[in-house]
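# Observations on chain architecture
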Amino acid sequence: MYRKENKELAKKSNRFYSDLEVRLGDMDLLREPLPTRLARFQHYQAPTRFLDITSNPLIALFFAVEAKSNNDKGFRQVYFYAINEDDIKYQDGHTAGIESAVNRMDQKIVYEFLESVKEQYDDGLELRIDKSQDAKTTDDKEKKLNEALLGCDKVKIFMDSLNETTKQLTKLTRPSKIFDDLNTAHFVDFVRESPRMQQQQGTFIMPKYLTGYEDDWCGAKQQLNSSILRATGKVKGVSGLVKVLIPNENTGKIKDYLSVLGVNAGTAYPDIEHYAEYLRELYTGDEKK
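One structure accompanies this document, and this report is about it. The structure displayed is predicted, hence computed values, not measured ones.

### So, the overall build of the chain
Across its full length, the chain holds 16 helices and six strands. Structurally, the chain occupies a C-alpha span of about 75 × 50 × 35 Å along its principal axes. In the chain, the proportion of contacts linking residues at least 24 apart, taken out of those at least 6 apart, comes to 71%. Here the chain has roughly 16,700 Å² of accessible surface; of this, 51% comes from carbon and sulfur atoms.

Have a look at this one:
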């Protein structure tokens, strides 16, 4: 979703996903939670605000070398992120549910919410709450903060729309927490319900949320990387990000080594098409053009 050509699509993500579900005609899909639907869309190449990653370094290496390179840098890249186990979110958790629901909302409402809260923070709202005589504890401060935010029409409209979309029994009343979550990257583990996800040991990053209404789309996307880097590097004595460069001329040998270890197109994509592709290359020695 965050590719340059998808800015207009990002603005209409709520209608895009609804239209996609209508045309698929899969009633079982509609019974699944919103995070599960988005994960399935992402896994089958539909644009989402999720970023695909894997917990298996060999699979990551395979993805890097098996794809046809479309750059002129002469190398492929593999990124390794280090995060604390306690920071991992799960598919059925509050954060994944809320962010998935926000994808299904009018993105203009989401954008105005994010901008309104940011403006109030920039205007010193948090500092005024901290100095308030009525806010003596952390819980008091958060309560006063959320009460003040809900006094803003655009925040209230967003919260009403979010509550309608999530259909939770307990009403959501903490816009400050939702704002923080939408501006933070999260590493989220999903149920690996398909053979492909199981083989790829796939999981997702939910980076800082962008609506498509940001003035500088390319500049705003730089914030995605920044949000991911802020979420890493918390493991003591370990770099939050390690980038490995692989010269293009080495990709063939690495693919051969990975195949010996049981990692190839057939095992990474366990279907007839990819097993046939792997076996054709194995028997002919020629990569598919």
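Next comes the rest of the account.
### Notes on the sheet that holds strand β4 (residues 186-189)
One open sheet holds the four strands; their spatial order is β1-β5-β4-β3, and the pairing between them is mixed. Either end of the sheet is taken by a strand with one partner, and the two such strands are β1 (51-54) and β3 (89-90). Here four bridges tie β1 to strand β5 (residues 202-206), and the two strands are oriented antiparallel to one another. Among the inter-strand pairings, Ile53 is bridged to a residue of β5, identified as Thr203.

### Concerning a negative patch on the surface
A surface patch of negative charge is lined by Glu115, Glu119, Asp123, Asp215 and Asp216. Mapped onto the fold, Asp215 is located in the loop between β5 and α13 (217-231).

### Description of helix α5 (residues 57-66)
When we look at burial in α5, the residues that qualify are Ile59, Ala60, Phe62, Ala64 and Val65. Elements that come into contact with the buried residues of α5 comprise β1, β2 (75-81), α12 (195-200), β6 (241-247), α14 (251-260) and α15 (265-268). Its side-chain oxygen placed 2.9 Å from the backbone nitrogen of Leu58, Asn56 serves as the N-cap of α5.

### So, the packing of α5 against α14
Running from amino to carboxyl end, α5 crosses α14 at an angle of 140°, the nearest separation of the two axes being 9 Å. The hand of the α5/α14 crossing is left-handed. Contact with α5, carried on its side by Leu58, Leu61, Phe62, Val65 and Glu66, involves Thr251, Ile254, Lys255 and Leu258 of α14 and no other residues of that element. In terms of residue class, the contact of α5 with α14 is made up of six nonpolar, one polar and two charged.

### Points about helix α10 (residues 153-166)
Side chains three or four residues apart in an α-helix point the same way, a direct result of the helix having 3.6 residues per turn. The first and last C-alpha atoms of α10 sit 20 Å apart over 14 residues, in line with the 20 Å expected at 1.5 Å per residue. Among all positions in α10, only Val155, Phe158, Met159, Ser161, Leu162, Asn163, Thr165 and Thr166 are buried. Where α10 is buried, its residues touch α4 (34-43), α6 (94-103), α7 (107-122), α9 (138-150) and α11 (175-182).

### Regarding the pattern of salt bridges
Using the criterion set out here, one finds 14 salt bridges in the structure. Here Arg31 and Asp28 are joined by a salt bridge, their closest N and O atoms 2.6 Å apart. You'll find Arg31 and Asp28 in the same group, each marked exposed. Here Asp271 and Arg196 are joined by a salt bridge, their closest N and O atoms 3.6 Å apart. Taken as a pair, Asp271 in the loop between α15 and α16 (272-284) and Arg196 in helix α12 lie far apart in primary sequence, 75 residues in all.

### Describing the environment of Ser116
Its place among the elements puts Ser116 in helix α7. Each C-alpha atom, one on Ser116 and one on Tyr17, is 26 Å from the other, the two residues being 99 residues apart in sequence. Look past the residues within four positions of Ser116 in its chain and what remains in contact with it is Cys152, Lys154 and Val155. Engagement of the side chain of Ser116 in a polar contact is seen with the backbone oxygen of Glu112, the distance being 2.7 Å.

### Structural notes on the packing of aromatic side chains
Counting across every chain of the model gives 12 aromatic pairs. Ring centres of Phe50 and Phe190 lie 5.7 Å apart, and the angle between their planes is 50°; this geometry places the pair in the tilted category. With Phe50 in the loop between α4 and β1 and Phe190 in the loop between β4 and α12, this residue pair connects regions lying 140 residues apart in the sequence. Taking the centre distance of 6.1 Å and the plane angle of 35° together, the rings of Tyr111 and Tyr213 count as tilted. Of this pair, Tyr111 sits in helix α7 while Tyr213 is found in the loop between β5 and α13, placing the two residues 102 residues apart along the sequence. A residue is classified by how much of its surface remains accessible, and Tyr111, at 17% relative accessible area, is buried. Here the aromatic residues Phe113, Tyr121, Phe158 and Phe179 are joined through ring pairs into a cluster of three or more.

Reading the values: the criteria
- Residues numbered from 1 in each chain as written.
- Predicted model: local features only at pLDDT ≥ 70, side-chain atom pairs only at ≥ 80, totals over all residues.
- Heavy atoms only, no water.
- Helix = DSSP H or I, 4+ residues; strand = E, 2+ residues; numbered from the N terminus.
- Contact = heavy atoms within 4.5 Å.
- Areas by Shrake-Rupley, 256 points an atom, 1.4 Å probe, with all protein chains shown as cover.
- Pairing = 2+ DSSP bridges.
- Patch = residues over 30% accessible without salt bridge, like charges linked within 9 Å, V, L, I, M, F, W, Y side chains within 5 Å.
- Salt bridge = Lys/Arg side-chain N within 4 Å of Asp/Glu carboxyl O.
- Lys, Arg positive; Asp, Glu negative; His and termini not counted.
- Charge placed at Lys NZ, Arg CZ, Asp CG, Glu CD.
- Buried < 20%, exposed > 50% of the residue type's maximum accessible area, 1.4 Å probe, protein only.
- Polar contact = N/O pair within 3.5 Å; in protein donor to acceptor, adjacent residues only side chain to side chain.
- Axes fitted to C-alpha atoms, helices over the stretch in contact; angles between N-to-C directions.
- Left-handed = near helix turned anticlockwise from the far one by under 90°.
- Nonpolar A, V, L, I, M, F, W, Y, C, P; charged D, E, K, R; others polar.
- Expected span 1.5 Å × (residues − 1).
- Phe/Tyr/Trp six-rings, centres within 6.5 Å; stacked < 30°, edge-to-face > 60°.

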